[in-house]
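In case you want the letters, here they are:
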Amino acid sequence: MQVTEKDRELLSLLSENARMPVAELARRLDLSRTTVQARLERLEAQGVIAGYQVRLSDAYESGLIRAHVMITIAPKALSAVTGELNAIREVSALYSVNGPYDLIAIVAAPSISELDRLIDRIGELSGVERTLSSIILSTRIAR
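Residues numbered from 1 in each chain as written. Predicted model: local features only at pLDDT ≥ 70, side-chain atom pairs only at ≥ 80, totals over all residues. Heavy atoms only, no water.

Asker: Would you mind going over the overall build of the protein chain in detail, with residue names and values included?
Answerer: A count of helices and strands for the protein chain gives 6 helices and 4 strands. Listing every helix and strand of the protein chain by position from the N terminus yields α-α-α-α-β-α-β-β-α-β. On C-alpha atoms alone, the protein chain measures out to a radius of gyration of 19 Å, which is more than a quarter above the 15 Å that the 2.2 N^0.38 rule sets for 143 residues. Dimensions of the protein chain along its principal axes, counting C-alpha atoms only, are 55 × 35 × 25 Å. The 143 residues of the protein chain split such that 28% are buried. Put simply, of all contacts in the protein chain between residues at least 6 apart along the chain, 63% involve residues at least 24 apart. (Helix = DSSP H or I, 4+ residues; strand = E, 2+ residues; numbered from the N terminus. Rg over C-alpha atoms; globule rule 2.2 N^0.38 Å. Buried < 20%, exposed > 50% of the residue type's maximum accessible area, 1.4 Å probe, protein only. Contact = heavy atoms within 4.5 Å.)

Asker: How would you sum up the pairing of strand β1 (residues 65-73)? Please name residues and give values.
Answerer: Within a regular strand, the side chains alternate between the two sheet faces. Judged from the 7 bridges that link them, β1 and strand β3 (residues 103-109) form a sheet pairing that is antiparallel. Within β3, the position partnered with A67 by the bridge is V107. In terms of strand pairing, β1 meets strand β4 (residues 128-135) through 7 bridges, oriented antiparallel. Within β4, the residue paired with I71 across the bridge is T131. (Pairing = 2+ DSSP bridges.)

Asker: A description of the sheet that holds β4 should follow, citing residues and the corresponding values.
Answerer: Taken in spatial order, the 4 strands of this open sheet run β2-β3-β1-β4, and their pairing is antiparallel. Every other strand in the sheet has two partners, leaving β2 (91-96) and β4 as the edge strands with one partner each. Across the sheet, the axes of successive neighbouring strands diverge by a mean angle of 20 degrees, strand direction being ignored. Where β2 meets β3, 5 bridges bridge the pair, whose relative direction is antiparallel. Of the residues in β3, the one forming a bridge with L94 is A105. (Axes fitted to C-alpha atoms, helices over the stretch in contact; angles between N-to-C directions.)

Here's what the structure looks like:
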């Protein structure tokens, strides 16, 4: 994949607002509308842009209690645990990591009690040996 500096600028603008009109993208990048459209199509075809998604407002997000859940799994349980975590809609991201834990799940719930139930549910999954949770107090940088 070859990504140019202008492509990176385009991706940055799209990360701010994936619904920004092509005409506005072109104006900000100082490119023609057709050039921007061609770049978008190329980036999509190359798999650089895999899709567009909803970004929740700060007001909505601030009402959720979010946490990192570090998870240690039993040997050979990775795919089963990953599949079960994928089925839990409150899990917004799952990372494989090195160190004493095998996975880190990013989770969100509307209340502490629901977060507590969610973390218990994760800990009860077959193949999960132990968990350690940290509630996110605030976001300092989000890009």
